[in-house]
Number of protein chains: 2
Amino acid sequence: MIKERTPPPAGGGRGVNVCLSPALISLYNVEDYVVVIIDIFRASSSICYGIENGASGIIPVYLVKDCAAYRDTHPDYLLAAERDGKVVDGFDFGNSPFSYTAEKVSGKTIVLTTTNGTHALHLSRKAKKIVLGSFLNLTALCDWLKKQDENILLVCAGWKNNFNLEDTLFAGAVVEQLLELGFSPDDAAIAANDLYQTGKQDINEYLKKTSHSERLKKLGIEKDIEFCLQLDICTAIPILHGDKIVKLAE
Amino acid sequence: MIKERTPPPAGGGRGVNVCLSPALISLYNVEDYVVVIIDIFRASSSICYGIENGASGIIPVYLVKDCAAYRDTHPDYLLAAERDGKVVDGFDFGNSPFSYTAEKVSGKTIVLTTTNGTHALHLSRKAKKIVLGSFLNLTALCDWLKKQDENILLVCAGWKNNFNLEDTLFAGAVVEQLLELGFSPDDAAIAANDLYQTGKQDINEYLKKTSHSERLKKLGIEKDIEFCLQLDICTAIPILHGDKIVKLAE
């Protein structure tokens, strides 16, 4: 087994790398990076929206039973569990962004377990900082990333440990902005940016040719998809602080 | 750890999937596929060229010492070993295509260990059939793939277990041809094809922006790169037969 980690770029310039799947994360020294977790459909989008709407914190957990365990210890928490794109029976909600409105989440703590996003988050926990990105907070996120004197690793949550197009396209949208500042891309960042250039005129249309789109359509969540592809309706940046995702203080 | 394998497409149509890195291969049931191993710079290109030029067989081995072991048992074999893009000291040659001319390899058996290609080959060994692809034999390969009544998995050898652009671009060139016949692509196949469409007008120029290109330039093998990007100068298809890569019989 070849195991060699990808070093940040030499020469002092900042680098932007894209990890196309959680299964590739061991190839990076995550402790050398500010990490952005990307799970466009729908965890990272809903988390951005929930934090924007005043959720006091979101606790990502790995297993459905870890989520359920909060029912007795913290009856005031909202419990969100999703597997294979569906709300798990007996839970308040999953990760549809429409469950993360101000009315529902303002001032609340949410415990969340999702298929792919939580997985990527857990694997990245040694990073310098971990923030969450989505089209909803793209520009705010990029403005903040540009101010960090760090290499950036964009981690695509993917679908069941494999590559997916929507997370990669969003990574490309971030890469586009960081390249303007002279960040050095790795091959995956170049690819993500080029794919974003191909699809950016109408991302929803572009993604219709994907298998994931078919899968999501079967789940009846086209409205969620449309919602998650809106640009810059949020300015909050969710950041992992201890075991909880909170709003990054300005 | 999420481990779920990607099934071939439902509905009876043939699928074309792209495995973007050997580190993702456990996500596929390789035994359900005809696998194409892709290591454009330079193993799969040189193997295509060597088989075209009459090498009687190429034995891929995992370790340099496994390669060296043939020195005593088979003094007539040519031994090729490459690590990090360089010929290992004490070996006849590595994987520059210029070492695989008819003059050098015709009628010979070659034992080869390379950084990425052999790794990908070993991980795919349970596939229905394993062939090798490169720009050198693109059309011959695609014509043959179209005649197989099987799902196709294009395995990019990548660079040290991570994504690279040149292998992905070639995968995209194959996907382009298979889509014309109605094969169903997965997300990675869609991405590979779209990247190929972006770069196909001048692949050498496109790849110049990659990190790997910089790395290869430092190794002084620009001529190899140019060679490996030639289209359809070969018609032979190398296939793994037992432990040996041989010419596919028509």
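> Explanation requested: the pairing of strand β1 (residues 15-19) of chain A in the structure shown.
For a regular strand, side chains alternate in direction, first toward one face of the sheet and then toward the other. Residues and elements named next belong to chain A. Across the 5 residues that make up β1, a large majority, 5, are buried. Residues Gly 15, Asn 17 and Cys 19 of β1 are buried on one face, and the alternating residues Val 16 and Val 18, pointing to the opposite face, are buried as well. When β1 meets strand β8 (residues 151-156), the two strands line up parallel, connected through 4 bridges. Bridge pairing links Asn 17 to Leu 153 in β8.

> When you look at the relation of the copies chain B and chain A in this model, what are you seeing that I'm missing?
In this structure, two copies of a chain are linked by a rotation about an axis accompanied by a shift along it. With an axial shift of 0.0 Å and an RMSD of 0.0 Å, the rotation relating chain B to chain A amounts to 180 degrees. The transformation relating the two chain copies, once decomposed into turn and shift, fits a two-fold axis.

> Just to check I follow, could you spell out the side chain of B:Ser96 for this structure?
Residues and elements named next belong to chain B. Relative to the assigned elements, Ser 96 resides in the loop between β5 (86-87) and α4 (102-105). Of the residues examined, Ser 96 reaches a relative accessible area of 16% and is grouped as buried. Those residues within four positions of Ser 96 in sequence are excluded, and the remaining contacts are Arg 42, Ser 46 and Asp 224.

> I tried to follow the packing of aromatic side chains on my own but got confused; where do I start?
We describe a pair of aromatic rings using the distance from one ring centre to the other and the angle between the two ring planes. As enumerated under the stated definition, the model contains 12 aromatic pairs over all chains in all. Relative to A:Tyr100, the ring of A:Phe93 lies with its centre 5.2 Å away and its plane at 85 degrees, an arrangement referred to as edge-to-face. Accessibility expressed as a relative area gives 0% for A:Tyr100, which makes it buried. Where B:Tyr28 meets B:Tyr33, the ring centres are 6.4 Å apart and the plane angle is 75 degrees; that geometry is what we call edge-to-face. The same class applies to B:Tyr28 as to B:Tyr33, namely buried.

> I tried to follow the nonpolar core on my own but got confused; where do I start?
Side chains of a nonpolar character, in soluble globular proteins, are inclined to be buried together. Formed by 163 residues in total, the largest nonpolar core has its most connected members in A:Val18, A:Leu154, B:Val18 and B:Leu154. What A:Leu154 contacts, discounting residues up to four positions off in sequence, is A:Val16, A:Asn17, A:Val18, A:Cys19, A:Val36, A:Ile38, A:Ala171, A:Val174 and A:Val175.

> In this structure, what is going on with the environment of A:Ile59? I would like to understand it.
All names here are of chain A. Locating Ile 59 in the fold gives a position in strand β3 (residues 57-60). Sequence spacing of Ile 59 and Thr 109 is 50 residues, and the spatial spacing of their C-alpha atoms is 7.5 Å. Ile 59 has contacts with Tyr 70, Tyr 77, Thr 109, Ile 110, Val 111, Leu 112, Asp 243 and Lys 244, leaving out every residue within four places of it along the chain.

> Teacher, can you tell me more about helix α6 (residues 138-147) of chain B here?
Owing to its 3.6 residues per turn, the α-helix brings residues three or four apart onto one side. The element α6(B) is extensively covered by neighbouring structure, given that 7 of its 10 residues are classed as buried. Here α6(B) has its buried residues at B:Leu138, B:Ala140, B:Leu141, B:Cys142, B:Trp144, B:Leu145 and B:Lys146.

> It is not clear to me how the interface of chain B and chain A should be interpreted in this structure. Could you clarify?
By a widely used convention, the size of an interface equals the accessible area lost when the partners come together. Residue-level contacts link 33 residues of chain B with 33 residues of chain A. Roughly 2800 Å² of surface becomes buried between chain B and chain A when both sides are summed, with 59% attributable to carbon and sulfur atoms. Seen at the junction of chain B and chain A, the total is 2 salt bridges. In this structure, the salt-bridge partner of A:Lys209 is B:Asp194, at a minimum N-O distance of 2.9 Å. At the level of secondary structure, the elements contributing two or more residues to the side of chain B that touches chain A comprise α7 (165-179), α8 (187-199) and α10 (211-218) of chain B. When its residues are assigned to classes, the side of chain B that touches chain A shows 15 nonpolar, 12 polar and 6 charged.

> Sorry if this is basic, but what is going on with the packing of helix α7 (residues 165-179) of chain A against helix α8 (residues 187-199) of chain A here?
Helix packing geometry: the angle between the two helix axes and the distance between the axes. All names here are of chain A. In the contact formed by α7 and α8, the axes pass within 7 Å of each other and the chain directions differ by 100 degrees. Here α8 runs roughly perpendicular to α7, going by the angle between their axes. Across the interface between the two elements, Leu 165, Thr 168, Leu 169, Ala 171, Gly 172, Ala 173, Val 175, Glu 176 and Leu 179 of α7 pack against Ala 189, Ala 192, Asn 193, Leu 195, Tyr 196, Gln 197 and Gly 199 of α8. Within the contact of α7 with α8, the residues separate by chemical class into 10 nonpolar, 5 polar and 1 charged.

> Explanation requested: the pattern of salt bridges in the structure shown.
Residue and element names in this part refer to chain B. Counted by the stated rule, this structure contains 10 salt bridges over all chains. A salt bridge links Glu 205 to Lys 208, with the nearest nitrogen and oxygen atoms 3.5 Å apart. Judged by its relative accessible area of 44%, Lys 208 falls in the partly exposed class.

> What should I look at first to understand unusual backbone geometry in this one?
In most cases, non-glycine residues show a negative phi, while peptide bonds are predominantly trans. Residues and elements named next belong to chain A. Here the bond from Phe 41 into Arg 42 is cis, since omega is 10 degrees, no more than 30 degrees from zero. Looking at where Arg 42 falls in the secondary structure, it is placed in the loop between β2 (33-38) and α1 (43-52). Residues other than glycine seldom take positive phi values, yet Asp 232 does so here, at roughly 60 degrees. In this structure, Asp 232 sits in the loop between α11 (222-228) and β10 (238-241). We classify Asp 232 as partly exposed; its relative accessible area is 33%.

> I'm lost on helix α6 (residues 138-147) of chain A in this one. Help?
Every buried residue of α6(A) is listed here: A:Leu138, A:Ala140, A:Leu141, A:Cys142, A:Trp144 and A:Leu145. Here the buried face of α6(A) lies against β2, β7 (129-133), β8 and α7 of chain A.

> Got a minute to help me understand the packing of α6(B) against α7(B) in this structure?
Residues and elements named next belong to chain B. Remark: α6 packs on α7, axes separated minimally by 10 Å, with the N-to-C direction vectors making an angle of 50 degrees. Overall, the two elements α6 and α7 adopt an arrangement that is oblique. Judged by the sense of rotation from one axis to the other, the crossing of α6 with α7 is right-handed. For the pair α6 and α7, contact is made by Leu 138, Thr 139, Leu 141, Cys 142, Leu 145 and Lys 146 and by Phe 170, Ala 173, Val 174, Gln 177 and Leu 178, respectively. When grouped by side-chain class, the residues that make up the contact of α6 with α7 number 8 nonpolar, 2 polar and 1 charged.

> Is there a simple way to explain the side chain of A:Ser134 in this structure?
Residues and elements named next belong to chain A. Along the polypeptide, Ser 134 turns up in the loop between β7 and α6. Look at Ser 134 and you get buried, because its relative accessible area is 0%. Those residues within four positions of Ser 134 in sequence are excluded, and the remaining contacts are Ile 40, Ser 44, Ser 45, Cys 48 and Phe 170.

Calculation criteria
- Residues numbered from 1 in each chain as written.
- Chains lettered and ligands numbered in written order.
- Predicted model: local features only at pLDDT ≥ 70, side-chain atom pairs only at ≥ 80, totals over all residues.
- Heavy atoms only, no water.
- Buried < 20%, exposed > 50% of the residue type's maximum accessible area, 1.4 Å probe, protein only.
- Helix = DSSP H or I, 4+ residues; strand = E, 2+ residues; numbered from the N terminus.
- Pairing = 2+ DSSP bridges.
- Least-squares fit on C-alpha atoms with pLDDT ≥ 70 in both.
- Contact = heavy atoms within 4.5 Å.
- Phe/Tyr/Trp six-rings, centres within 6.5 Å; stacked < 30°, edge-to-face > 60°.
- Core = buried A, V, L, I, M, F, W, Y, C linked by side-chain atoms within 4.5 Å.
- Buried area = accessible area lost by both parts, 1.4 Å probe.
- Salt bridge = Lys/Arg side-chain N within 4 Å of Asp/Glu carboxyl O.
- Nonpolar A, V, L, I, M, F, W, Y, C, P; charged D, E, K, R; others polar.
- Axes fitted to C-alpha atoms, helices over the stretch in contact; angles between N-to-C directions.
- Parallel < 35°, antiparallel > 145°, perpendicular 65-115°, else oblique.
- Left-handed = near helix turned anticlockwise from the far one by under 90°.

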